[in-house]
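# Geometric and topological summary
Each chain, written out:
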Amino acid sequence: MFVSNSKQNKEEMLAKIGVSSFEELVKQVPAQLRTKEFGMEPALNEQELIRHSKELAAKNKKLLNFAGGGAYEHFIPSALSQIVNRGEFLTAYTPYQAEASQGTLQAIYEFQSSICALFDMEATNASMYEAATALAEAVNACVKASRKTKVLLAQALNPDYVQTVKTYFKHAGVSFDTVNCTNGQLDLNDLKAKLTADVACVAVANPNYYGCVEKMHEISQAVHDAKSHFIAVVEPLSLGVLAAPGEYNADIAVAEAQSLGTPLNYGGPFLGVFACNKEFLRHIPGRICGITKDTKGQRAFVLTLQAREQHIRRERASSNICSNEALCALSATIYMALLGPQGMKEVAEINLENAHILAEKISQTAGFKLKYNTPFFNEFVVECPKPAEEIIGKLAAKDILAGISLGGNDMLICATETKTAADLDAFVKELAEVSK
Amino acid sequence: MNKAEESKYMESHEWVHADGDIATVGISDHAQHEISDIVFVELPRVGDKVTKGERCAVVESVKAASDIYSPVSGEVVEVNTKVSDEPSLVNQSAQEEGWFFKVKMSDKTELDSLMNYDQYTAKNK
């Protein structure tokens, strides 16, 4: 709880410093910058503030949600919030002092272990902010390790991730090329044609932004044949049914792990994952937790490989990331522990089933057509009889978020395990109505 | 004279031992003692061109990551993989087994401006 300084506290501090007043302390600051009016309303007391907040919150509309595109609505078991909201976890600080942070560090270690098991990769860090910067860091690691300056990005990557990656490297002497898509999947011939000797890495998402499943084994082979590095961008929950990045020899796997126990939260905080093979261990950005023994031979958790980080390497560090998303990572760990391998598989299967039932129903609705004839996980693209924006607008009035417009008449629709048969039918009924 | 006594030294504690055209480079026993337990050495690659006085490697100890500067210019012809596998070798035998890399020198006269063993030892008393 924040407790502000009392008048007495302030007087004691000023006296100790040796100034007569706060104004004298800040006299170096130009007068016109010192006192500003911010035009704020008078402060509210706790009761008034709660009432005001409730009035604002009441303006929210909860829509029946069929939008995905990198942020997914999933059911979060109640046990999760009970654990993650415990004060010891909720207010714990960054674990730089190992002897005072064993709980936090063990949680991070469990997160890392769970991710390595789920992704079938050898190493991972304590998490990243979200998938976009995790992908940028993966590209960074490949560029630094290979000393090559060309990067290939699949056309079907989340456009937000691509924009972030390109911003990261804007002045870093790295050039980008796009690998085209055919029928919703990466064009292998286009990939092979573009895999010149100067390509540091290739990044492909699975499922991709269109929801389609990619031929990751073949793509990985082609990339390695060309002596380049393969970055897989994966959806963690889909690993209940899809091959894990380790199975197709991805060098680095990144992900948005919001789908593992973090609510949509109006866009954040989310949870980035960066997993890789031992070859990249010293190129991993951010925090890594390790396990060791203390002077009494007891098991102890510590932050390790810290000499990579900027507080030691300064400008020679490969990345400026020195943080993680501890609480979201804890949520993901609890989620994976509560579900276990069997539960993860079952949830993924329900997602797969719901999306396929919905896709079938929509494709049988007059005017609607599935755009790609390609396997998909829990999202798919539909060609609508009218502009997608228009349909989304009309359905919002019926408390349904129909999907994401991909431009023109194309819409990206998602169905997770949160949708019942009745939900699917209600949605399809409204879609039919709006297309008349 | 032993190898340490035959070597030339930089102010930044690198030693170089020349054998014909080939110069072997490492860090001094004094340096390994100062930086404490070494956990990783990032070596240059065979084929890399190095320039006298420029950064070419990194030594990571439990305390810090320190840049290593090349005492001579030329091309890296060999790196000591034993030091990659077992970094503590540098602490144990900095000026013998714990060498970092060998350079085919492009200009042997660059050695002339370096300190000899007596000068280096005197400076670090």
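This text gives an overview of the structure that appears in the document.

The rules behind the values
Residues numbered from 1 in each chain as written. Chains lettered and ligands numbered in written order. Predicted model: local features only at pLDDT ≥ 70, side-chain atom pairs only at ≥ 80, totals over all residues. Heavy atoms only, no water. Pairing = 2+ DSSP bridges. Helix = DSSP H or I, 4+ residues; strand = E, 2+ residues; numbered from the N terminus. Contact = heavy atoms within 4.5 Å. Axes fitted to C-alpha atoms, helices over the stretch in contact; angles between N-to-C directions. 1 Å grid on protein atoms, 1.4 Å probe; cavity = no way out; pocket = protein on both sides within 12 Å on 5 of 7 lines; lining within 4 Å. Points joined across faces, edges and corners; volume = space filled by probe spheres on them. Nonpolar A, V, L, I, M, F, W, Y, C, P; charged D, E, K, R; others polar. Buried area = accessible area lost by both parts, 1.4 Å probe. Salt bridge = Lys/Arg side-chain N within 4 Å of Asp/Glu carboxyl O. Expected span 1.5 Å × (residues − 1). Buried < 20%, exposed > 50% of the residue type's maximum accessible area, 1.4 Å probe, protein only. Polar contact = N/O pair within 3.5 Å; in protein donor to acceptor, adjacent residues only side chain to side chain. Parallel < 35°, antiparallel > 145°, perpendicular 65-115°, else oblique. Left-handed = near helix turned anticlockwise from the far one by under 90°. Bend = angle between axes of the 7 residues up to and from the residue. Core = buried A, V, L, I, M, F, W, Y, C linked by side-chain atoms within 4.5 Å. Phe/Tyr/Trp six-rings, centres within 6.5 Å; stacked < 30°, edge-to-face > 60°. Lys NZ or Arg CZ within 6 Å of the ring centre and 35° of its normal.

## Focus on the sheet that holds strand β10 (residues 272-276) of chain A
All names here are of chain A. Taken in spatial order, the seven strands make up an open sheet running β2-β10-β9-β8-β7-β3-β4, and their pairing is mixed. The open sheet has two edge strands, β2 (123-124) and β4 (175-179), and neither has a second partner. Pairing of strand β3 (residues 150-154) with β4, which is carried by five bridges, proceeds in the parallel orientation. When the bridges of β4 are listed, K150 appears paired with S175. Contacts from helix α7 (residues 102-119) reach β2, β8 (229-234), β9 (252-256) and β10, with the element oriented near 65° to β10.

## Things to note about the layout of surface pockets
If you add up the space inside the largest pocket, you get close to 1,100 Å³. As for the largest pocket, its lining consists of 37 residues, of which A:K144, A:R147, A:H283, B:E42 and B:R45 are closest to the centre. For the lining of the largest pocket, the elements supplying multiple residues, two or more each, are α8 (131-146) of chain A together with β4 (38-42), β5 (49-50), β6 (55-61) and α3 (81-85) of chain B. Looking at which element gives the most residues to the lining of the largest pocket, the answer is β6(B), with five residues. In the lining of the largest pocket, the residues fall into 14 nonpolar, seven polar and 16 charged. In this structure, the second largest pocket occupies an estimated 770 Å³ of space. Lining the second largest pocket we find 26 residues, and of these A:A71, A:L264, A:Y266, A:G267 and A:F270 sit closest to its centre. Contributions of two or more residues to the lining of the second largest pocket are made by α8 and α9 (159-168) of chain A. In terms of residue class, the lining of the second largest pocket is built from 12 nonpolar, eight polar and six charged.

## Quick word on the interface of chain B and chain A
Contacts between the two partners involve 11 residues from chain B and, on the opposite side, 10 residues from chain A. Of the roughly 940 Å² buried at the junction of chain B and chain A (both faces included), carbon and sulfur atoms supply 37%. Counting the surface chain B buries against chain A, the share from its top three residues, B:R45, B:R55 and B:E60, is 45%. If you look at where chain B meets chain A, you find two salt bridges. Salt-bridge contacts for B:D48 lead to A:R147; the nearest nitrogen and oxygen are separated by 3.3 Å. Residue assignment for the side of chain B that touches chain A shows that the elements contributing at least two residues are β4, β6 and β7 (65-69) of chain B. Of the residues assigned to the side of chain B that touches chain A, the class counts are five nonpolar, no polar and six charged.

## A word on α8(A)
Residues and elements named next belong to chain A. When the terminal C-alpha atoms of α8 are compared, their 22 Å separation across 16 residues agrees well with the 22 Å that a helix rising 1.5 Å per residue should span. α8 sits mainly inside the fold: 15 of its 16 residues count as buried. The opening residue of α8, the one whose side-chain oxygen lies 2.9 Å from the backbone nitrogen of A132, is E130. Immediately downstream of α8, the backbone of R147 shows phi near 60°, a positive value.

## As for the sheet that holds β7(B)
All names here are of chain B. Pairing within the open sheet is antiparallel, and its three strands lie in the order β4-β6-β7. The open sheet is flanked by β4 and β7, the only strands paired with a single partner. The sheet shows a mean angle of 25° between the axes of neighbouring strands, taken without regard to direction. Of the pairings in the sheet, the one linking β6 to β7 comprises five bridges and is antiparallel in character. Looking across to β7, one finds that R55 is bridged to Y69.

## Details of the packing of helix α13 (residues 326-363) of chain A against helix α15 (residues 421-434) of chain A
Residue and element names in this part refer to chain A. Following both chains from N to C, one finds α13 and α15 inclined at 25°, their axes separated by 10 Å at the closest point. With respect to their mutual orientation, α13 and α15 come out roughly parallel. α15 is crossed by α13, and the crossing has right-handed handedness. Across from N354, I357, L358, K361 and I362 in α13, the residues of α15 making contact are L424, D425, F427, V428 and L431. Of the residues contributing to the contact of α13 with α15, the split by class is seven nonpolar, one polar and two charged.

## Points about α13(A)
Relative to the 56 Å expected for 38 residues at 1.5 Å per residue, α13(A) spans just 42 Å between its end C-alpha atoms, considerably shorter than the ideal helical length. The sharpest bend along α13(A) comes to roughly 95°, located at A:G340, with the proline A:P341 sitting one to four residues further on.

## Section: empty space enclosed by the protein
In this structure the tally under the stated criterion is three cavities of 30 Å³ or more. Taken as a whole, the largest cavity holds about 220 Å³ of empty space. Each residue belonging to the lining of the largest cavity can be placed in one class, and the counts come to nine nonpolar, six polar and three charged. If you add up the space inside the second largest cavity, you get close to 40 Å³.

## Structural notes on the pattern of salt bridges
Within this structure, the stated rule accounts for 23 salt bridges over all chains. For A:E73, the salt bridge goes to A:K419, with nearest N and O atoms at 3.5 Å. Here A:E73 is found in the loop between β1 (64-65) and α5 (78-84), whereas its partner A:K419 is found in the loop between β17 (410-414) and α15, with 346 residues between them in sequence. We note a salt bridge from B:K104 to B:D21, for which the minimum N-O separation is 3.6 Å. You can see B:K104 sitting in strand β9 (residues 101-105) and its partner B:D21 sitting in the loop between β2 (14-19) and β3 (22-27), a full 83 residues away along the chain. The exposure class assigned to B:K104 is partly exposed, which follows from its relative accessible area of 43%. Looking at B:D21, the relative accessible area reads 36%, which means it is partly exposed.

## A look at the nonpolar core
Formed by 82 residues in total, the largest nonpolar core has its most connected members in A:F119, A:L135, A:L191, A:I231 and A:I252. Ranked by the residues each element gives to this core, the list is headed by α8(A), at 11 residues. Once residues lying within four places of it in the same chain are set aside, the contact partners of A:I231 are A:L135, A:A138, A:V139, A:C142, A:C201, A:V202, A:A203, A:V204, A:I252 and A:V254. Counting 27 residues, the second largest nonpolar core, distinct from the first, contains B:M10, B:A57, B:V83 and B:F101.

## Comments concerning the packing of aromatic side chains
Scanning the model with the defined rule gives 10 aromatic pairs over all chains in all. Summarising the aromatic geometry, the rings of A:Y168 and A:F169 are spaced 6.0 Å apart at their centres and angled 45° between planes, so their arrangement reads as tilted. Given the relative accessible area of 5%, A:F169 is considered buried. Relative to A:Y372, the ring of A:Y210 lies with its centre 5.5 Å away and its plane at 40°, an arrangement referred to as tilted. Of the two residues, A:Y210 is situated in the loop between β7 (199-206) and α11 (216-225) and A:Y372 in the loop between β13 (369-370) and β14 (379-383); the sequence distance between them amounts to 162 residues. Pairwise contacts between aromatic rings join A:Y168, A:F169 and A:F176 into one cluster. Geometry around B:F40 places A:R282 over its ring, the cationic atom sitting 3.8 Å from the centre. It is A:K419 that lies over the ring of A:F66; its NZ or CZ is 5.6 Å from the centre.

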